[in-house]
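So you can see what is in the structure, the chains are spelled out below.
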Amino acid sequence: MQETPQQYTQRMLGYSQGKNPLRLQQATPRKLVALIKRLSKKQLIRRPAPDKWSIGEILAHLADAELVNGYRMRLILASNGTTIQAFDQDAWAKTFNYSRRDPKTSLETFRVLRENNLKLLGSVPRGSWENYGQNQERGKETVEHIVKMMAGHDLNHIAQVEKMAKSR
């Protein structure tokens, strides 16, 4: 049974609860580099199960999710109360051929986008983090909420990559 948007939100927030979400986000690219540096291309593209993403697909997803969340935060910061479009990660994975993307290029794309998004967050007044968007699936989400969700999302995928990297 697939989880509801509310269950997903609680799971992501649970991963980062009590932790500094910006520090978690700053550390993620380095952790991923360390996890994959000794893996072959074959190991990076092997799926653990037919319905589960490979490490390479996870890295492509992280790059696209960083792009989406950076855009969402910019929309919210510039237009408080704006509507936030949902996206189907599985449709993106299929449409944008995550399985054929170069994993190291995806990781570098993620790293650059993450660095840029963290600089953006540091450049705006902290009070603007209370600006919100209306997510079509999950309802009202402030910039601060998105920052915490992204940190939990990172931890979720780092754990998946760690598990797959150890089993190779």
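What counts, and where the lines are drawn
Each residue is numbered by its place in its chain's sequence as written, counting from 1. A pLDDT threshold of at least 70 governs which residues receive local features in this predicted model, and a stricter bar of 80 or more applies before side-chain atom pairs are shown or counted, although totals over entire chains, interfaces and linings include all residues. Where side-chain values are given, they derive from all heavy atoms of the structure, hydrogens and water being excluded. Note on terminology: a nonpolar core comprises buried Ala, Val, Leu, Ile, Met, Phe, Trp, Tyr and Cys residues joined through side-chain atoms within 4.5 Å. When accessible area is computed with a 1.4 Å probe and restricted to protein chains, residues below 20% of their type maximum are described as buried, those above 50% as exposed, and intermediate ones as partly exposed. Helix and strand assignments follow DSSP, with helices taken as H or I runs no shorter than four residues and strands as E runs no shorter than two, numbered in order from the N terminus. Note on definitions: a residue-residue contact is assigned when non-hydrogen atoms from the two residues lie within 4.5 Å. In this analysis, strands are considered paired if DSSP registers two or more bridges between them. For helices, the axis comes from a line fit to the C-alpha atoms of the stretch in contact; other axes are also lines fit to C-alpha atoms, and the angle between any two N-to-C directions lies between 0 and 180 degrees. By convention, a stacked pair of Phe, Tyr or Trp rings (six-membered ring in the case of Trp) has centres within 6.5 Å and planes under 30 degrees apart, an edge-to-face pair has planes over 60 apart, and any other such pair is tilted. Reported orientations rely on four angle classes, namely roughly parallel under 35 degrees, roughly antiparallel over 145, roughly perpendicular from 65 to 115, and oblique for the rest. Here is the rule for handedness: rotate from the far helix to the near one, and if that takes an anticlockwise turn smaller than a right angle the crossing is left-handed, while a clockwise turn gives right-handed. In the scheme used here, Gly and all other residues not listed as nonpolar or charged are polar, with Ala, Val, Leu, Ile, Met, Phe, Trp, Tyr, Cys and Pro taken as nonpolar and Asp, Glu, Lys and Arg as charged.

Caption draft 1: Here's a closer look at the nonpolar core. With 19 residues, the main nonpolar core has Leu32, Ile36, Ile55 and Leu59 as its most contacted residues. Top contributing element to this core by residue count: helix H4 (residues 55–78), with 6 residues. Sequence-distant contacts of leucine 32, defined by excluding residues within four places in its chain, comprise Leu59, Leu62, Leu107, Phe110, Ile158 and Val161. Counting 13 residues, the second largest nonpolar core, distinct from the first, contains Met73, Leu118, Leu120 and Val147.

Caption draft 2: Spotlight on the sheet that holds strand E3 (residues 139–142). Sheet architecture is open: 3 strands sit in the order E1-E2-E3, paired in mixed fashion. Only two strands of the sheet have a single partner each, and these edge strands are strand E1 (82–84) and E3. Going across the sheet, the axis of each strand differs from the next one's by a mean of 40 degrees, ignoring polarity. Across 3 bridges, the pairing between E1 and strand E2 (residues 132–135) is parallel. Each bridged residue has a counterpart across the sheet, and for threonine 82 the counterpart in E2 is glycine 133.

Caption draft 3: Structural context of the environment of glycine 152. Mapping glycine 152 onto the fold places it in helix H7 (residues 143–166). The buried category is assigned to glycine 152, whose relative accessible area is 0%. Sequence spacing of glycine 152 and glutamine 10 is 142 residues, and the spatial spacing of their C-alpha atoms is 9.6 Å.

Caption draft 4: Quick look at the packing of aromatic side chains. The full count for this structure, using the stated rule, is 3 aromatic pairs. When the centroid spacing of 6.0 Å and the interplanar angle of 70 degrees are considered together, the rings of tryptophan 53 and tyrosine 98 count as edge-to-face. One end of the pair, tryptophan 53, is in the loop between helix H3 (41–45) and H4; the other, tyrosine 98, is in the loop between helix H5 (89–95) and helix H6 (103–123), and 45 residues separate them in sequence. Relative accessible area serves as the criterion here: at 15%, tryptophan 53 is assigned to the buried category. The exposure class assigned to tyrosine 98 is buried, which follows from its relative accessible area of 1%. With 4.7 Å between their ring centres and 55 degrees between their planes, phenylalanine 87 and tryptophan 92 make a pair best called tilted.

Caption draft 5: Region of interest: the packing of helix H2 (residues 21–36) against H7. Where H2 contacts H7, the two axes come as close as 9 Å, and the packing angle between them is 20 degrees. Between H2 and H7, the angle falls in the class roughly parallel. Two packed elements cross with a definite hand, and for H2 against H7 that hand is left-handed. The residues of H7 that touch H2, namely those facing Pro21, Leu22, Leu24, Gln25, Thr28, Lys31, Leu32, Leu35 and Ile36, are Val147, Lys148, Met150, Ala151, Asp154, Leu155, Ile158, Val161, Glu162 and Ala165. Taken together, the residues of the contact of H2 with H7 sort by class into 13 nonpolar, 2 polar and 4 charged.

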